[in-house]
Amino acid sequence: MNDVWLTRIVPHAASRDARRDLGNAVGLHRRLMSLFPDEAGPDPRAALGVLHRVEDSPAGPYILMQSRHQPDLGRLPEDYGTAAVREIGPLLSALRSGANIHFRCVASPVRKPGASTRALYHLPAVVPLAGAHADEWWIRQADTAGLKVLTLHSQPLDSATGIRGQRGADQQRIRHARTRFDGTAAVIDPDRLRAKLTDGIGRGKAYGCGLLTIAPALTREGGTRA
C-alpha cells in the first residue's frame, strides 16, 4: 500500500493561533492544508488524502490528521504546540479478513430527501440525522467499508462551523452536524476497508468529519489508533 501518514498535534493552550483554529473548522482546515505543497491540483485535500478530527483528552484537545503525503510540521507557527508523525501504510496493508477491531469515526450523518418529499414537508436538501437514525446510517457506512458492526456507541457533538470564502457576497457559512461513532467490528473486506480509511466517510471531510481510525480489538479503547 502507498504511504499513509498519521500526525498528532497537541496545541499549546497559550497559543492564540491554536485557540483560534480549534474554534473555527474553516481556519483549522486552512492551517492543516498549509503543511503540504501548494501544487496539488483543484482539490488538494482529496489529492493529498488529508482527513482530521479534534480529540479531547484529560490534558486538553489534540488534532489527529491522516494524509497520503508527509506534512511539513516546520510550517506550524513556532508556539503552536508539539507534533509527531508516523507512517502507517504497513499497518493498513496487514489488515486481514476476520480480524476484530475497535473503530472510531466523527462523521456527519445526513439524508438527502427527494425533491417531492422536500416540497411536501418543507425540508432542506440535506437533513442531519441523530439518535437511532444516525446509528442506522453508520451501520450502512460500515458495511460499505467492509465492516460488520458488533457493538456501537454514538455520541452527538457540536457542529463544525466556520465561514468560507472572501468577504462579501462570496462568503458561505458552513455547518456540519457531527456524531462520534465508537465500537467494535469484524473485518469482512480488507480492500474496501483500506479504501475507506484513506478516502474518508461522509460529508464535511475538510472540516473534521470522516476520519475512520481502527485498532486491534484486544487493545484498550483510547489513545492513538492506526
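Refer to the structure printed above.
This text gives an overview of the structure that appears in the document. (Residues numbered from 1 in each chain as written. Predicted model: local features only at pLDDT ≥ 70, side-chain atom pairs only at ≥ 80, totals over all residues. Heavy atoms only, no water.)

This part covers the packing of aromatic side chains. Using the criterion set out here, one finds 3 aromatic pairs in the structure. Ring centres 5.1 Å apart and planes at 10° place the aromatic pair Trp 138 and Phe 181 in the stacked group. Here Trp 138, found in helix α6 (residues 131–144), pairs with Phe 181, found in strand β9 (residues 172–187); they are 43 residues apart in sequence, far enough to count as distant. For Phe 181, a relative accessible area of 0% gives the class buried. An aromatic cluster is present here, built from Phe 103, Trp 137, Trp 138 and Phe 181 joined pairwise through their rings. Here the basic side chain of Arg 8 rests over the ring of Tyr 62, its NZ or CZ set 3.8 Å away from the ring centre. (Phe/Tyr/Trp six-rings, centres within 6.5 Å; stacked < 30°, edge-to-face > 60°. Helix = DSSP H or I, 4+ residues; strand = E, 2+ residues; numbered from the N terminus. Buried < 20%, exposed > 50% of the residue type's maximum accessible area, 1.4 Å probe, protein only. Lys NZ or Arg CZ within 6 Å of the ring centre and 35° of its normal.)

Right, let's get into the sheet that holds β9. Overall, antiparallel pairing links the 4 strands, which are arranged β8-β9-β5-β10 in an open sheet. Two strands in the sheet have a free side with no partner beyond their single neighbour: β8 (147–164) and β10 (212–216). Strand-to-strand twist of the sheet, defined as the mean angle between neighbouring strand axes without regard to direction, takes the value 15°. Of the pairings in the sheet, the one linking strand β5 (residues 100–107) to β9 comprises 8 bridges and is antiparallel in character. Residue pairing in the sheet places Asn 100 in a bridge with Ala 186 of β9. Against the sheet, α6 engages β5, β8, β9 and β10, with an angle of about 110° to β8. (Pairing = 2+ DSSP bridges. Axes fitted to C-alpha atoms, helices over the stretch in contact; angles between N-to-C directions. Contact = heavy atoms within 4.5 Å.)

All right, on to the side chain of Ser 67 then. Within the secondary structure, Ser 67 sits in strand β3 (residues 62–67). You can call Ser 67 buried: its relative accessible area is 1%. A polar atom in the side chain of Ser 67 sits 2.7 Å from the backbone oxygen of His 69. Setting aside anything within four residues of it in sequence, one finds Ser 67 in contact with Asp 3, Val 4, Trp 5, Phe 36, Leu 48, Gly 49 and Val 50. (Polar contact = N/O pair within 3.5 Å; in protein donor to acceptor, adjacent residues only side chain to side chain.)

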